[in-house]
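The chain contents come next:
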Amino acid sequence: YYLYLLNAAEKVCMQHSLNTFKVVRLESGYTATVDLKADGMIAIGRFPKEEVAQLEQFTGNIVFLDSSPDDGRFSSVLVNTELGTLQAMEHLYELGHRRIAFIGGEVVGNNRERASDSRKTAYTAFMKKHEIYDESLIFEGARLSHEEGSRMAQRLLEQPSDLPTALFAANDTVATAVLAALTAAGVRVPEMISIIGFNNLATVKHLSPPLTTVNIPLDSIAEWALDLLQKEGECANLPVKLYVPTALKIRKSCAPPRR
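Residues numbered from 1 in each chain as written. Predicted model: local features only at pLDDT ≥ 70, side-chain atom pairs only at ≥ 80, totals over all residues. Heavy atoms only, no water.

### What to know about the layout of surface pockets
Part 1 of the argument: Estimated volume of the second largest pocket: approximately 160 Å³.
Part 2 of the argument: Looking at the second largest pocket, the residues that line it are Y1, Y4, N199, N200, L201, A202, K205, N215, I216, L218 and R251.
Part 3 of the argument: The class makeup of the residues in the lining of the second largest pocket is six nonpolar, three polar and two charged. (1 Å grid on protein atoms, 1.4 Å probe; cavity = no way out; pocket = protein on both sides within 12 Å on 5 of 7 lines; lining within 4 Å. Points joined across faces, edges and corners; volume = space filled by probe spheres on them. Nonpolar A, V, L, I, M, F, W, Y, C, P; charged D, E, K, R; others polar.)

### Side note on the pairing of strand 3 (residues 41-44)
Part 1 of the argument: Across the two faces of strand 3 the burial differs, with M41 and A43 buried and I42 and I44 not buried at all.
Part 2 of the argument: In this structure, strand 3 lies alongside strand 4 (residues 62-65), joined through four bridges in parallel fashion. Residue pairing for strand 4: I44 is matched across the bridge by L65.
Part 3 of the argument: You can see the chain leave strand 3, run along helix 2 (residues 49-55) and come back into strand 4, and the turn it takes is right-handed. (Buried < 20%, exposed > 50% of the residue type's maximum accessible area, 1.4 Å probe, protein only. Helix = DSSP H or I, 4+ residues; strand = E, 2+ residues; numbered from the N terminus. Pairing = 2+ DSSP bridges. Right-handed = clockwise from strand over helix to strand, strands pointing away.)

### Concerning the environment of N215
Part 1 of the argument: Structurally, the position occupied by N215 is in strand 12 (residues 212-215).
Part 2 of the argument: The exposure class assigned to N215 is partly exposed, which follows from its relative accessible area of 25%.
Part 3 of the argument: The spatial distance from the C-alpha of N215 to the C-alpha of L248 is 5.8 Å, given a sequence separation of 33 residues.
Part 4 of the argument: Side chain to side chain, N215 and N200 meet in a polar contact 2.7 Å long. (Polar contact = N/O pair within 3.5 Å; in protein donor to acceptor, adjacent residues only side chain to side chain.)

### Quick look at the sheet that holds strand 3
The pairing of strands in a sheet happens through backbone hydrogen bonds and is either parallel or antiparallel.
Part 1 of the argument: Spatially, the four strands line up as an open sheet ordered 3-4-5-13, and their pairing is parallel. Each having just a single partner strand, strand 3 and strand 13 (241-244) make up the two edges of the open sheet. Geometrically, the sheet is characterised by an average inter-axis angle of 20 degrees between neighbouring strands, direction not taken into account.
Part 2 of the argument: As paired elements, strand 4 and strand 5 (residues 75-79) share three bridges and run parallel to each other. By the bridge assignment for strand 5, V63 is matched with S75.
Part 3 of the argument: Sitting on the sheet, helix 7 (residues 218-231) touches strand 3, strand 4, strand 5 and strand 13, and the angle it makes with strand 5 is about 170 degrees. (Axes fitted to C-alpha atoms, helices over the stretch in contact; angles between N-to-C directions. Contact = heavy atoms within 4.5 Å.)

Rendered as structure tokens:
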């Protein structure tokens with residue numbers, strides 16, 4: 001996901017005739033790939049406070065993507081993950097699903113500290129609101145990875161007589177692993193279980209079946225980041241925290257629940 005976001009940021013800068021270079025992290029700290037002064041920086045990901053201080057050595061004009069390590073000092077562009085979760089859950093609910101599982105993993109917060117996943121929080125709130133919450137339908141791995149997605153899918157398959165009719169995965173990598181594990185076990189998607197992912201990575205439209213997922217507008221995130229960087233001189237003392245809305249991309253991995 002971060003690689004796609006990086007490519008989007010580089011493309012937008014190129015479209016605006018702006019030169020870019022990378023700042024990479026080595027064992028000794030962050031270093032620039034060229035010997036140039038930066039007018040601004042787009043920082044992608046989560047950074048501990050000591051790393052934020054290292055980034056400031058290159059420029060104080062920083063916009064963070066997917067994190068907000070210091071709301072009072074830096075602007076940031078984030079994804080409205082709660083909205084995306086609600087869009088996914090409402091779609092499954094409208095199809096008739098009531099036994100909806102959540103498959104996720106441990107996540108980190110703005111300064112790379114251990115944190116709760118806002119997608120799990122929004123999922124739980126939705127299920128409780130509709131009085132269909134069941135703690136046994138929550139599966140959490142050590143991280144949001146393909147390996148952990150496969151492991152959580154195996155845990156799900158340990159109860160073949162009581163499978164949920166649908167599941168919401170915290171990202172497309174997990175969803176892809178779950179889809180592969182279910183298919184290998186003979187559980188047909190979407191005839192026996194529906195799946196929704198999160199991120200809309202370029203690869204998931206080529207899965208069998210193509211994955212329904214929450215789309216994140218990467219190009220829009222990059223455009224907003226560049227816009228905030230260029231306005232920093234005018235509004236240096238007024239950082240902005242901007243949440244970008246999501247949209248559900250409906251494909252063929254969801255259907256009404258099995259009878």
